[in-house]
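# Understanding the architecture of this molecule
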Amino acid sequence: MFFKKFVAVTVFMGALAAHAFAPQAGTWVVAAELDGKPGRGLAIDVQNETLVMQVYAYESNGQPSFFLAAGPYSNNQFSGPLTRYEGGRFFGSGARSGVAVGSPGNVNLRFTSGVTGFATFPGEPEKAIIRANFAYPFAPSSLVGIWTFTSIGSEGLVADAVPLGSNIGATSSGNGLVVSSDGLFGCEHQISGSLSGGVLCVKINSQSQLVRSYYFVYSINEGEGFSQRNGNGTQQLLSVRRLTTPRGVGTGVAIKANEASAADYPAIRAHISEVARSLQ
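A few words on the sheet that holds strand β16 (residues 210-219). With respect to topology, 9 strands assemble into an open sheet ordered β11-β10-β18-β17-β16-β15-β14-β13-β12, the strand pairing being antiparallel. In this open sheet, the two strands that pair with only one neighbour each are β11 (156-164) and β12 (166-167). Sheet analysis places strand β13 (residues 178-179) next to strand β14 (residues 185-189), joined by 2 bridges and oriented antiparallel. Pairing of V178 across the sheet is with C187, part of β14.

Set out below in structure tokens:
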């Protein structure tokens, strides 16, 4: 089985850390504090080489508080002061401007992938942080949709775009294989072995021969991993992107929910009308 030819997840993630990348923009949380109850939250975004992080936390008296950190991001790391703000607009208020009221100290961030990292807040030891996933379960249903796979390495740029739709049941290592309508591409969450916690995909040709394999770890709409030709070639750095949700709604600006119904196909409509008239 070609599954054995993949490196362990921990080795792969260590190799991935050698590359420069930006953390996924969105809601992040302290991993140890993710218990389903109200707590601290982080909003992180990196654009070009600038990181902005908002922190929603509490004062020692229990009152909610808002902090902002911004500055240069390089080598997968950031360090800068957390500034506390107060006095801004409240619901129903007129124009008011928040003002900076000091800083408890610096925050240090280091990211180990686009969805994992570590944060050191003022007065605290370093803690693991993760991109929050609150709507996609670790289940076959979360793989349904249109995906793009782009890898780069010694083979050059390799890209695939595929709609995944049907769950044809679990394999010996996963929890449900989701395949394209032609049966030539399939992906499955892995639940056993060294690949557990990630997604494994294969592409085959019409002669049932393995063309390419993909392995990645993802959160929400983006993922990172590697691809291999024939399942055993040189590993290429892989970037994965979800283009539509399982309900067919576009996740970005390229695909809209009503795109398919908006097409009018004027040429075929004209030919139908012309033939209908000729047969009268």
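Here the narrative resumes, following the displayed structure.
Here we take up a nonpolar patch on the surface. Residues I152, L157 and L237 make up a contiguous nonpolar surface patch of roughly 290 Å² in combined accessible area. With respect to the helices, strands and loops of the structure, L157 is situated in strand β11. The exposed category is assigned to L157, whose relative accessible area is 64%.

Here Q190 is to be found in the loop between β14 and β15 (199-204). Overall, Q190 belongs to the buried group, its relative accessible area being 2%. A polar side-chain atom of Q190 sits 2.7 Å from a polar atom in the side chain of S173. A polar side-chain atom of Q190 sits 3.3 Å from the main-chain carbonyl oxygen of E188.

Taken as a whole and judged by the stated rule, the model has 12 aromatic pairs. Taking 6.1 Å as the distance between ring centres and 45° as the angle between the ring planes, the aromatic pair formed by W147 and F216 counts as tilted. Separated by 69 residues along the polypeptide, W147 in strand β10 (residues 145-153) and F216 in strand β16 bring together distant segments of the chain. Judged by its relative accessible area of 1%, F216 is buried. Ring plane angle 85° and centroid distance 5.4 Å describe the contact between W147 and Y218, whose orientation is recorded as edge-to-face. A residue pair is termed long-range when its members are at least 10 positions apart, and W147 in strand β10 and Y218 in strand β16 qualify at 71 residues. Taken together, the ring pairs in this structure connect W147, F149, F185, Y214, F216 and Y218 into an aromatic cluster.

About the criteria used
Residues numbered from 1 in each chain as written. Predicted model: local features only at pLDDT ≥ 70, side-chain atom pairs only at ≥ 80, totals over all residues. Heavy atoms only, no water. Pairing = 2+ DSSP bridges. Helix = DSSP H or I, 4+ residues; strand = E, 2+ residues; numbered from the N terminus. Patch = residues over 30% accessible without salt bridge, like charges linked within 9 Å, V, L, I, M, F, W, Y side chains within 5 Å. Areas by Shrake-Rupley, 256 points an atom, 1.4 Å probe, with all protein chains shown as cover. Salt bridge = Lys/Arg side-chain N within 4 Å of Asp/Glu carboxyl O. Buried < 20%, exposed > 50% of the residue type's maximum accessible area, 1.4 Å probe, protein only. Polar contact = N/O pair within 3.5 Å; in protein donor to acceptor, adjacent residues only side chain to side chain. Phe/Tyr/Trp six-rings, centres within 6.5 Å; stacked < 30°, edge-to-face > 60°.

Purely spatial values, then, with no claim about function.
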